[in-house]
Amino acid sequence: MALNFHQLHIFHTVAERGSFSAAAQSLHMTQPAVTMQVQSLEEYFGTKLLQRSTKRIELTEAGRALMPFAKSSIELIRDTDQAMSTFTKQLKGKLQLGSSLTIGEYILPRLLGPFGQEYPHISISMKVMNTAQIMEDILNHQLNFGLIEAPVNHPDMYMEAVMNDELVLVVHKDHPLAEVSETTLADALQYTFVLREQGSGTRLVMEDELRNKGFDPSAMKIVMELGSTGAVKSAVEAGLGISILSTSSVKHEMALGLIKTVKLTDARFHRQFYSIYLKSALLPISAVTFLTFLRERDLKQWL
C-alpha cells in the first residue's frame, strides 16, 4: 500500500473536526468509509494515530507528529491548483458561491462577463445574502465559498483578502457639501446621515475609521438606517441625508448627476473583500480558478 494524499486529507479532517461523524459530513463521505481510510493510514505507518473515546477523538503522539505534514500536503495541493488554474481554460462545472450585498450587486456582475469569456464552460450560481447566512451555508456544504466585506473569525473557516475597495462620502446634488470638492470629517459630521444597518460590512468599516480618527460613531446624527445599499442611495437622492458608501455602488448615480462625492481630507475608508471557505475542504478547481481571476484583477479597471 502506498501513502496517498486522500488519506492524509481525511486524517487531518477527523483531527480538526474532532469526530469521525463530523469529518464524514464535511467530506461528503459515509462514516465507515472515513474510519476505513484512517485505519488504512494507521496500518501503513504501523502505529495508532487517533485515540477513540466516547466523547472526542484525541491525537496520539504519532498523530501529533503527522498533523503538520498532513496540513502541508493540503496547502501544497491548494497552491498547485492555484498555480495551474490560469492554464485550465477548458474547465467545466458549476460554481456555487455566496456574496455579501455590495460585492454581489455592484462588483461581481461587472466581472462575471470577462470571467465567462475566459472560462465559458464554468457556470456560476451566486446567492446574495449577509455574512452570517454565507457562513452557515458554507458550514452546511451548500456553498463552495463566500465573498464578504468584513473579516470574520471562525475556527473552521479559512479567510483570504482577494480585492480592495474604498468608501466615499456621498451627498445629494443640491446639498451644501455638493458645492465643495473636499471637506473635513468634522465638518461632514455636522450633517444628518442615512446609513446601512448595524453589523453591515460598510457600516463596520466606517465606524472603525471614525474611531481611529477620535470620533464616536454613536454621536453621529443618524436619521435613518436601511437594510440595503440601494435603499441608502435612494434616501440620499431624496435629500434625506448624506452617507458613506462604496465607490463601486454609486457609479451609475454619479454619471446621472443624481448624487456627488466629496473628498474627505483627513479620513480614508479603505477596506478589503475576503473569500472564506472551510479549512477541511479542498475547493474545486473551478472555485480556485475564479478566486485566482479575482486576485489578478485591478478593480478600478472594471468598476
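Throughout what follows, the structure given in this document is the object of discussion. Remember, predicted model here, so these are calculated numbers, not experimental data. (Residues numbered from 1 in each chain as written. Predicted model: local features only at pLDDT ≥ 70, side-chain atom pairs only at ≥ 80, totals over all residues. Heavy atoms only, no water.)

## A look at the overall build of the chain
Within the chain one finds twelve helices and twelve strands. For the chain, the spread of C-alpha atoms along the three principal axes comes to 75 × 45 × 25 Å. Counting the 303 residues in the chain, one finds 46% classified as buried. At a minimum sequence separation of 6, the contacts of the chain that also span at least 24 residues come to 76%. By element, 51% of the accessible surface of the chain is carried by carbon and sulfur atoms, the whole surface being about 14900 Å². On the chain, the mean spot of the 29 positive side-chain charges and the mean spot of the 32 negative ones are 3 Å from each other. (Helix = DSSP H or I, 4+ residues; strand = E, 2+ residues; numbered from the N terminus. Buried < 20%, exposed > 50% of the residue type's maximum accessible area, 1.4 Å probe, protein only. Contact = heavy atoms within 4.5 Å. Areas by Shrake-Rupley, 256 points an atom, 1.4 Å probe, with all protein chains shown as cover. Lys, Arg positive; Asp, Glu negative; His and termini not counted. Charge placed at Lys NZ, Arg CZ, Asp CG, Glu CD.)

## Notes on the pattern of salt bridges
Throughout the structure, instances matching the rule amount to 15 salt bridges. The partner of R196 in a salt bridge is E197, with the nearest N and O atoms 3.0 Å apart. Residue classification places R196 among the buried positions, given a relative accessible area of 8%. R203 is paired through a salt bridge with E207; the nearest N and O atoms lie 2.9 Å apart. Linking R203 with E207, this pair stays in helix α8 (residues 201–212), spanning four residues, or about one helical turn. Exposure remark for R203: the relative accessible area of 3% places this residue in the buried category. Sharing partners across several salt bridges, the network here consists of R203, E207, D208, R211 and E225. (Salt bridge = Lys/Arg side-chain N within 4 Å of Asp/Glu carboxyl O.)

## Considerations on a nonpolar patch on the surface
A cluster of nonpolar side chains, contributed by L3, Y44 and F45, occupies part of the molecular surface with about 260 Å² of accessible area. Looking at the element boundaries, L3 is found in the segment before α1 (5–17). Residue classification places L3 among the partly exposed residues on the basis of a relative accessible area of 39%. (Patch = residues over 30% accessible without salt bridge, like charges linked within 9 Å, V, L, I, M, F, W, Y side chains within 5 Å.)

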